[in-house]
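Summary of the model geometry
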Amino acid sequence: MKKEIFAGGASFTTFSSVPLVADDVNAYEIVYTAPEDLSGTTFEITALRADGEKIVDSGEVSGSTARYLMKNSMHAVVGDLRVRLSVLDASGACLTTKELVFEVI
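Residues numbered from 1 in each chain as written. Predicted model: local features only at pLDDT ≥ 70, side-chain atom pairs only at ≥ 80, totals over all residues. Heavy atoms only, no water.

1. Thoughts on the pairing of strand β3 (residues 28-33)
Heads up, the condition is: A 1.4 Å probe rolled over the protein chains alone gives each residue an accessible area, and that area as a share of the maximum for its type sets the label: buried under 20%, exposed over 50%, partly exposed in between. By definition, any uninterrupted DSSP run of H or I lasting at least four residues is a helix, any uninterrupted run of E lasting at least two residues is a strand, and each is numbered from the N terminus. Following DSSP output, two strands are said to pair if at least two bridges run between them.
Among the 6 residues of β3, 5 are classified as buried, and the element is accordingly described as predominantly covered. Taken together, the 5 bridges between strand β1 (residues 3-7) and β3 define a ladder with parallel strand orientation. If you follow Phe6 over to β3, its bridge partner there is Val31. Bridging between β3 and strand β7 (residues 65-69) involves 5 bridges; their strand directions are antiparallel. Note on β7: the bridge partner recorded for Val31 is Arg67.

Put into C-alpha cells, the structure is as follows:
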C-alpha cells in the first residue's frame, strides 16, 4: 500500500514530519497540485541522498496534478533525503520548483 505525500504550501522547502523507511518497495507517491493546467509539461524529480548519490527521474502529469512514485533507490540510505520537484515546459525551462526534505530511517 503506497502512501501519498502532498507537496504544497507557499514555502520553497518543506520538511516532512513523516519519515520514510529505507528499502520500502513502491511505498511513497508524491502528489503536486498546481493552480493551473500542467498539460504539456514534464514533472522532473531530483533526489539527493545522505550518501551524496543523486537520482533523477520523471513523473506523470494529468491536468493540474503531477504524480511521482518514488524509486526504491531514492530512500535506500538512512539519513536526510532532499527531493526537488520541478515542472518544466516543452523547451525544458523550469516553470516552478519545490523541495521536500525527509528523514529516512
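After that view, the rundown keeps rolling.
2. Things to note about unusual backbone geometry
Across the chain, the bulk of peptide bonds are trans and the bulk of non-glycine residues have phi less than zero. Located in the positive-phi region is Asp23, a residue other than glycine, with phi close to 70°. Relative to the helices and strands, Asp23 resides in the loop between β2 (13-15) and β3. Look at Asn26: it is not a glycine, yet its phi comes out positive at around 45°. Counting through the fold element by element, Asn26 comes out in the loop between β2 and β3. Asn26 sits in the partly exposed class, given a relative accessible area of 43%.

3. Quick look at the packing of aromatic side chains
Test applied: Side-chain rings of Phe, Tyr and Trp, where Trp is taken by its six-membered ring, are said to pair if the distance between their centres is within 6.5 Å; with planes under 30 degrees apart they count as stacked, over 60 as edge-to-face, and otherwise as tilted.
Under the defined criterion, the tally for this structure stands at 1 aromatic pair. Pairing Tyr32 with Phe43 gives two aromatic rings, centres 6.4 Å apart and planes at 15°, and the pair type is stacked. Of this pair, Tyr32 sits in strand β3 while Phe43 sits in strand β4 (residues 42-48); the two residues are 11 residues apart in sequence, bridging distant segments of the chain. Summarising the burial analysis for this pair, Tyr32 and Phe43 share the class buried.

4. Digging into the environment of Gly9
Locating Gly9 in the fold gives a position in the loop between β1 and β2. Residues Gly9 and Thr65, 56 residues apart in the sequence, show an inter-C-alpha distance of 15 Å.

5. Re the sheet that holds β4
The line we're drawing: Only C-alpha atoms enter the line fits that serve as axes; for helices the fit covers just the stretch in contact. Angles between N-to-C directions range over 0 to 180 degrees.
The mixed open sheet is built from 5 strands, whose spatial order is β2-β9-β8-β4-β5. Edge positions in the sheet fall to β2 and β5 (54-58), since each has one partner strand and no second. Ignoring which end each strand starts from, the neighbouring axes of this sheet average 20° apart. One ladder, built from 10 bridges, connects strand β8 (residues 79-88) with strand β9 (residues 94-104); its direction is antiparallel. In the strand pairing of β9, Leu85 is matched with Lys98.

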